[in-house]
Amino acid sequence: MLMKTSTDTLAVDEQVPALQMPDAKTVLHANKVEKTYGNGTHALARMSLRIQRGDFVSLLGPSGCGKSTLLKMFAGLEEPSHGHIRWAGADTPAKSGLTSAMVFQEATLMPWATVAANVRLPLDLQKVPRVESDARVGKALAQVGLAKFGHAYPRELSGGMQMRTSIARALVTQPDVLLMDEPFGALDEFTRNRLDTDLRALWQSTGLTVVFVTHSIYEAVFLSSRVVMMAARPGRIVADVPLEETDRSEAYRLSPPFSEHCRTLSGLLMAASDTIDLH
Amino acid sequence: MLMKTSTDTLAVDEQVPALQMPDAKTVLHANKVEKTYGNGTHALARMSLRIQRGDFVSLLGPSGCGKSTLLKMFAGLEEPSHGHIRWAGADTPAKSGLTSAMVFQEATLMPWATVAANVRLPLDLQKVPRVESDARVGKALAQVGLAKFGHAYPRELSGGMQMRTSIARALVTQPDVLLMDEPFGALDEFTRNRLDTDLRALWQSTGLTVVFVTHSIYEAVFLSSRVVMMAARPGRIVADVPLEETDRSEAYRLSPPFSEHCRTLSGLLMAASDTIDLH
Amino acid sequence: MQTLSDHHASTLNWLAPLIVGAVFLLLWQGLCTAWQVPVYLVPKPSDIARTLVTDGPSLLLALATTLKITVLAFTLATVLGVVAAFLFVQNRLIEASLFPYAILLQVTPVVAVAPLIIIWVKQPTLALVICATLVTVFPIISNTVLGLRSVNPGLLNLFKLNRASRWQTLVRLRIPSALPFFFGGMRISSGLALIGAVVAEFVAGTGGTGTGLAYEILQAGFQINIPRLFAALALISLTGVALFVSMDWLSRKALGHWHESAQGA
Amino acid sequence: MQTLSDHHASTLNWLAPLIVGAVFLLLWQGLCTAWQVPVYLVPKPSDIARTLVTDGPSLLLALATTLKITVLAFTLATVLGVVAAFLFVQNRLIEASLFPYAILLQVTPVVAVAPLIIIWVKQPTLALVICATLVTVFPIISNTVLGLRSVNPGLLNLFKLNRASRWQTLVRLRIPSALPFFFGGMRISSGLALIGAVVAEFVAGTGGTGTGLAYEILQAGFQINIPRLFAALALISLTGVALFVSMDWLSRKALGHWHESAQGA
Amino acid sequence: QDKVTFLTSWYAQAEHGGFYQAVAAGIYKKHGLDVTIKMGGPQVNGMQLLTAGQADFIMGYDLQVLKSLEQGLPVTTVATSFQKDLQGLMTHENVNGLGDLKTKTILVSTSGRPTWWPWMKAKYGYAEAQARPYTFNLQPFFADPNTVQQAYPSSEPYQANKAGVKTKFFLFADEGYPPYGTTIVATTKLVAEKPDLVQRFVRASIEGWKAYLANPAAGNVLIKQDNPKMDDEQITFAIQRMKELKVFDGGDATKLGAGVMTDARWKQTYDFMVGAGLLKADTDWKKAYTTQFVKDLKVMP
Ligand SMILES: Nc1ncnc2c1ncn2[C@@H]1O[C@H](COP(=O)(O)OP(=O)(O)OP(=O)(O)O)[C@@H](O)[C@H]1O
Ligand SMILES: Nc1ncnc2c1ncn2[C@@H]1O[C@H](COP(=O)(O)OP(=O)(O)OP(=O)(O)O)[C@@H](O)[C@H]1O
Ligand SMILES: [Mg+2]
Ligand SMILES: [Mg+2]
């Protein structure tokens, strides 16, 4: 079996307090974090998760199990109610020297700016010269198939096109850590596969660390070096499955190990979902 | 081969003008419609589509090909630039006597109202007595797994939970025509399969007509009585594939006809997508 | 931006302005004492405070009169403003025809029209209320119209699809969407109603019994009783702040659970 | 709601108010003639029109003076109001400390403080501008603060994640988000600046310098030259409508391509 | 040449003619004064501007000076232009005297309330409820024949006349209303430190009045310059009324000379105010004026 259960993970953390033994390779470390929202919703139970430099971690789990919450805490956008998040051993993302980009679950575009201006935003904020930023924006837009829509406004785009704009905005910064919350969910399978392949290639050619929320088990298995399965109410990690590094060409999708992983994860997801009463 | 090409569909329409031969079974009829948005985007090329009472039509196609546009025109929310839409032979949805509900691509919830109040909205608008509406809302919320979240506000929900609220709001009205724009895209596969099965059962037990936009070929094949494949720039119908009526239990997903249909549609989607330059 | 805890934030809301106010008053007192500014030019805060105590009853009586006009005018302006905004949003023709005349209400100086109003309206309180309402109504109309138009197009589609009547769309969609703007208008207008009442009294007089703060100010000015003048001004200002704070509180109550502008602070 | 074509809609915008205005004026003229209302009580529109023609040049000169004060006060109020709103949104402490005092600006009646201002500010134009600014500034502060707070929380997160400085967040996020509210404030304040200028001249115009429309109104009033009084009022009203329309135009220009409130009409 | 600023009580009009004449005819200059006249207006509080040092002399009003004294303002009256206050009442034609108003609505301005209105109530027994606000606008008076209103003899009756409404006018001073009209008020500091300058200003102003009533042409030019809306007809009317009512040369002035003030008159004003509850009895009313500059003036009308 390829997975270790969450209980194992927790056990390791309890024994060796993270702060005493900083690990140069650890990029993100959620240390006994817990999240209860203002209205009393217990979104995440106390849990720990360590993400190494160069990991491609997919988060899978039923709707409402706290994937977005965890991602936002990694990004420093939500404070844990207990425990703390460390970025490459530092207190804040800024101190860690790591650059990060995030694709939110909603497209989150500025309605008053064109598609190109929306994508250029992170570069503008970093004061990248206009000549360079224009070139990078052009490239990113082409990558998501929106080369001809740079001058359009967000409300003139379809849902999938808005999401692609948001993806382009994350890619354009060439970050150290890429946090993606169901980025390809609103795309057709063909486009999605193309972008999957592109993302995988980008990850392989750079030292990029990716944390990727998805609902597609196939996508998770195709892309990741590690899949973390969560369960809901309260959100917690129920499995942490490392996947062996192999050549992930299109052929991989038809290979027996691929199906094997998918089946394992399907079972885990079903178990994790059992806590939700759909009827 | 199970499909007829769009050229056939068009040819039929050209020969027999729809208005001269009203068809009692036609629920929705897009007659040579075309859509160009105010900013000049040619979203849909002239096309015709006839949907019969009791059809379960899935619309598949690359992102930005005009699926949402077509759905909105069916709902009477966008005017065609050319041609016209007829509802059961009438000019307007109201005159047709048909009731319809739509799940938009975005959750589109009222931020000031609780989940229960959001779901209750269509019933309130129809002045359904509170006792009855409360019961129906409770049932719909349970159906989408949000029974415990009736008192929450939309901003306290995860993305998938917001979308489920929106689905509950459509189901609660028990409409004649159900228009759904990627309703299950933001849900995990387990929840999605459950809702697929529920929707299929609902459709089978009532005379419901469904027009369903999805990016999942598997979902389309599992659910539909007919799949319409669209291509982009400008949006148009490239294939119209009727599927034989069989028992769609979970076992069907593993049957050879299922795989066969999926493979056919995959090929069609790839062909339809070729017009987008992703690089 | 708001890293302070809720408890600290609300203490801050009370304490900070009080401290600033105290510092300001002390500075004022100090400078007046140091430069020996005569009381009839600028009175010291202590002089004003003493007057507030000694003349308190008569000033409070005047305040009551002014407040009555203010509240009546504000209520009237809210009702009229909201009704006008509804009409404007319901019907393009009504809006195009009448909106420019709503602007007239605002830009025609009360100081100039007050005499005409006094001629036609014999009842003095009513005349004053009308004058003050003229000053108050426009921000409510303008902000409410703006709000009623700022509706999420997706939700508008949802209502259309469910064949909501105009009335249902208004009550269940446009009004809730408009609330942040509407309360913005109320916050502006509450103060305007107060100065409207004062200005109306200035230009139209209250005549006979039951005179308001404007009369007190005029008389104090005429009698060079400057501490009393400042005391009356202080009462007006405090009332204005109280009105604003209560509007703000109302706005938070109504919007707190969902609108960004009402959160955090 | 707006089923009329764009072309028709814009014709309607012009035609409808003109027709309503014409009907109103005809009614007025007719009633005055029928009841033989003496001109010194309520003049007929024809009397006013005649006066507008004969006294046109001198009235326009007066209008120019008033307009100068209006524009200066409006500009000053916009700058000050926006700066104040920025400060308030940047720093919780500044806001808590100073916002209540911004309210004071609004609720302290100019009519009452004008005499004090004249004592301290020797330059008459400046004194008038200050008085008018006091009247004008609050709606801009209030609406702009409201707008700067009404930011999409998702976008705020995006900026935080990209380590945007406060300045960048202000310029690139808060300001664009605030524009609909800001323009709402401008629409209200443009009219207030005008009446502020008129009222300031009424109460503070120390003659000689006071050659604006308020002086014309006062003098026409003293001389029972009622048609001239109405002519001056008409000029003020028209100016107010013109100011409003230009603000509205500006708002549409700035927001038209993205905000709901500016579309359709 | 000493620089002097004089602040009037209202927009330039014939009632201020003497001062403008003194400027126009070079009378001030002759007395070594370089005088700037600033116009007052609604809401311009002369007393404050005087004590704030923005004017050296202002056009004053006895009741306000006494009230100021009570508040401790260091001001004093140095001369009076008119022996009679110009305040009065305008009525429709059917009224025969100030005692005839029991059933009338009386329009009283805000400044009238603490001045002549208590005097009138006390003298004729009128009720508070008869009073309605006067906002310097004649339409209410025109619209209702049962209304009477406060007026200046040269102003409102002229306007009413022009509008074709027949009116009568009654001067309060002729019925015993005590204060002087259009006085000259200075700070006690100026009086103590520069009595010579004050003396010169008083003399030149009174001479200005005499010259103005003899031939107003020069003064009128300046009046119309400051207040372009003032027309010749109205000025002529006003001068005529001032002469008829003998405001400049009547009363004590006939014997003692123009500009003169007497202790007896000031006592009457003080007594009236105390009696009406307008002034504290312990106010040192003698400080409200000084006769030192007018007693030897001897400008005989
Ligand atoms: N309001 C609008 N104004 C202008 N153009 C629009 C508007 N809405 C959609 N479009 C354009 O119309 C085309 C079709 O859009 P539509 O939303 O129908 O696509 P879709 O098939 O639903 O795509 P997706 O799968 O991404 O949701 C796109 O090119 C889009 O840019
Ligand atoms: N701002 C909030 N206030 C209160 N509760 C919240 C808030 N955001 C999320 N929650 C709650 O926290 C839980 C986890 O939400 P989260 O968005 O992290 O789920 P998720 O795993 O991303 O789900 P999905 O797949 O549907 O996006 C949910 O029960 C949700 O109701
Ligand atoms: Mg999520
Ligand atoms: Mg779509």
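Residues numbered from 1 in each chain as written. Chains lettered and ligands numbered in written order. Predicted model: local features only at pLDDT ≥ 70, side-chain atom pairs only at ≥ 80, totals over all residues. Heavy atoms only, no water.

A. Main features of the overall build of chain E. The helix and strand tally for chain E stands at 13 helices and 10 strands. A principal-axis box enclosing the C-alpha atoms of chain E has dimensions of 55 × 45 × 35 Å. By the burial criterion, 61% of the 301 residues in chain E qualify as buried. Contacts spanning at least 24 positions in sequence make up 80% of the contacts within chain E whose residues lie at least 6 apart. With the model as given, the accessible surface of chain E reaches about 11000 Å², and the carbon-plus-sulfur share is 50%. Distance from the positive charge centre (33 side chains) to the negative charge centre (29 side chains) of chain E: 1 Å. (Helix = DSSP H or I, 4+ residues; strand = E, 2+ residues; numbered from the N terminus. Buried < 20%, exposed > 50% of the residue type's maximum accessible area, 1.4 Å probe, protein only. Contact = heavy atoms within 4.5 Å. Areas by Shrake-Rupley, 256 points an atom, 1.4 Å probe, with all protein chains shown as cover. Lys, Arg positive; Asp, Glu negative; His and termini not counted. Charge placed at Lys NZ, Arg CZ, Asp CG, Glu CD.)

B. Seen up close, unusual backbone geometry. One non-glycine residue with positive phi stands out, namely B:Q174, at about 50 degrees. Within the secondary structure, B:Q174 sits in the loop between α6 (159-171) and β7 (177-181). Despite not being glycine, E:K246 has its phi angle at roughly 55 degrees, a positive value. Its relative accessible area of 44% is what places E:K246 among the partly exposed residues.

C. The arrangement of the pattern of salt bridges in detail. Residues and elements named next belong to chain B. Inspection of every chain in the model, using the stated rule, returns 42 salt bridges over all chains. In this structure, the salt-bridge partner of D55 is R226, at a minimum N-O distance of 3.1 Å. In this pair, D55 is assigned in the loop between β3 (42-52) and β4 (56-60) and R226 in strand β9 (residues 226-231), connecting sequence segments 171 residues apart. For D55, a relative accessible area of 12% corresponds to the buried category. (Salt bridge = Lys/Arg side-chain N within 4 Å of Asp/Glu carboxyl O.)

D. The domain arrangement of chain A, seen in detail. Residues and elements named next belong to chain A. Entries for chain A in the domain assignment read domain 1 (1-99 + 177-279) and domain 2 (102-174). Opposite the 19 residues of domain 1 that make contact, domain 2 presents 13 residues. Both sides of the domain 1 and domain 2 interface together cover about 1200 Å² of buried area, and 70% of this is carbon and sulfur. Viewed at the interface, domain 2 and domain 1 are joined by 0 salt bridges. Taken together, the connections running from domain 1 to domain 2 amount to 4 residue pairs in polar contact (both at pLDDT 80 or more). Looking at the side of domain 1 that touches domain 2, the elements that each hand over two or more residues are α2 (67-74), β7 (177-181) and α7 (189-205). Of the residues belonging to the side of domain 1 that touches domain 2, the class tally is 12 nonpolar, 3 polar and 4 charged. (Domains from an automatic or database assignment. Buried area = accessible area lost by both parts, 1.4 Å probe. Polar contact = N/O pair within 3.5 Å; in protein donor to acceptor, adjacent residues only side chain to side chain. Nonpolar A, V, L, I, M, F, W, Y, C, P; charged D, E, K, R; others polar.)

E. Structural detail: the interface of chain D and chain C. Taken residue by residue, the interface counts 68 residues in chain D and 67 residues in chain C. For the chain D and chain C pair, buried surface summed over both sides reaches about 6000 Å², with 74% attributable to carbon and sulfur atoms. The interface formed by chain D and chain C contains 0 salt bridges. Counting the contacts that link chain D with chain C gives 3 residue pairs in polar contact (both at pLDDT 80 or more). If you list the elements that add at least two residues to the side of chain D that touches chain C, you get α1 (6-35), α3 (56-90), α4 (92-107), α5 (110-120), α6 (124-149), α8 (166-204) and α10 (226-255) of chain D. Looking at the side of chain D that touches chain C element by element, the count peaks at 14 residues for α8(D).

F. Just the side chain of E:T269, in detail. Mapping E:T269 onto the fold places it in helix α13 (residues 263-275). Excluding residues within four positions of it along the chain, E:T269 makes contact with E:D62, E:L63, E:L66, E:P178 and E:P179.

G. Quick peek at the interface of chain B and chain C. The partner chain C presents 18 residues to the 25 residues of chain B that form the contact. Both faces combined, the contact of chain B with chain C buries some 2000 Å², and carbon together with sulfur accounts for 63% of it. Considering only the side of chain B, the residues that lose the most area to chain C are B:L77, B:W112 and B:L125, jointly responsible for 35% of the buried surface there. For the interface between chain B and chain C, the tally reads 1 salt bridge. Among the ionic pairs, C:R172 bridges to B:D124, the shortest N-O distance being 3.4 Å. On inspection of chain B and its partner chain C, the count reaches 3 residue pairs in polar contact (both at pLDDT 80 or more). The biggest single contributor to the side of chain B that touches chain C is helix α4 (residues 115-125) of chain B, with 4 residues. Of the residues contributing to the side of chain B that touches chain C, the split by class is 16 nonpolar, 5 polar and 4 charged.

H. View of the site of ligand 1. Not every one of the 22 residues close to ligand 1 is listed here, only the nearest: A:E156, A:S158, B:S68, B:T69 and B:Q105. Surrounding ligand 1 are residues belonging to chains A and B, so the site spans chains. Between B:K67 and ligand 1, the recorded distance is 2.7 Å, taken from a backbone N or O atom to an oxygen atom. Of all the elements in the fold, those that place two or more residues in the shell around ligand 1 are α6 (159-171) of chain A together with α2 (67-74) of chain B. Its residues assigned to classes, the shell around ligand 1 shows 6 nonpolar, 12 polar and 4 charged. (Near = heavy atom within 4 Å.)

I. Structural detail: the relation of the copies chain D and chain C. Placing chain D over chain C gives an RMSD of 0.2 Å and needs a rotation angle of 180 degrees, together with 0.0 Å of translation along the axis. The symmetry that links the two subunits is that of a two-fold axis. Looking at the rotation axis and the C-alpha trace of chain D, the residue lying nearest is D:F181, at 3.9 Å. (Least-squares fit on C-alpha atoms with pLDDT ≥ 70 in both.)

J. Up close: the sheet that holds strand β5 (residues 82-87) of chain A. All names here are of chain A. With antiparallel pairing, the 3 strands of this open sheet are ordered in space as β3-β2-β5. Strands with a single pairing partner mark the edges of an open sheet, and in this sheet they are β3 (42-52) and β5. The average angle at which neighbouring strand axes cross in this sheet is 15 degrees, direction not considered. Relative to β3, strand β2 (residues 26-36) runs antiparallel, the two sharing 7 bridges. Bridge pairing links K35 to L44 in β3. Sheet strands touched by α2: β2, β3 and β5. Its angle to β3, the strand with the most contacts, is close to 55 degrees. (Pairing = 2+ DSSP bridges. Axes fitted to C-alpha atoms, helices over the stretch in contact; angles between N-to-C directions.)

K. Spatial organisation of the coordination of the magnesium ion (ligand 4). Residue and element names in this part refer to chain B. At the metal site, the magnesium ion (ligand 4) is ligated by S68 (OG) and Q105 (OE1), and these contacts range over 1.9 to 2.2 Å. With a gap of 37 residues between them, S68 in helix α2 and Q105 in the loop between β6 (100-103) and α4 connect regions that are remote in the sequence. With a relative accessible area of 18%, Q105 lands in the buried category. (Donors = N, O, S within 2.8 Å, 3.2 Å for Na, K, Ca; no water.)

L. Seen up close, the nonpolar core. Within the largest apolar cluster, 249 residues are counted, with the highest numbers of intra-cluster contacts made by E:F57, E:L89, E:I106, E:W116, E:M120, E:F201 and E:V202. If you tally residues by element for this core, the top one is helix α8 (residues 166-204) of chain C, at 15 residues. In this structure E:F57 touches E:V4, E:T5, E:F6, E:L7, E:L50, E:I184, E:V185, E:A186, E:L190, E:L197, E:V198 and E:F201, once residues within four positions along its chain are discounted. (Core = buried A, V, L, I, M, F, W, Y, C linked by side-chain atoms within 4.5 Å.)

M. Geometry of the site of ligand 2. Close to ligand 2 lie 22 residues; A:S68, A:T69, A:Q105, B:E156 and B:S158 are nearest. At the site occupied by ligand 2, the surrounding residues belong to chains A and B. At a separation of 2.6 Å, an oxygen atom of ligand 2 approaches a polar side-chain atom of A:S68. In isolation ligand 2 offers 640 Å² of accessible surface; the protein chains occlude 92% of this area. Contributions of two or more residues to the shell around ligand 2 are made by α2 of chain A together with α6 of chain B. Its residues assigned to classes, the shell around ligand 2 shows 6 nonpolar, 12 polar and 4 charged.

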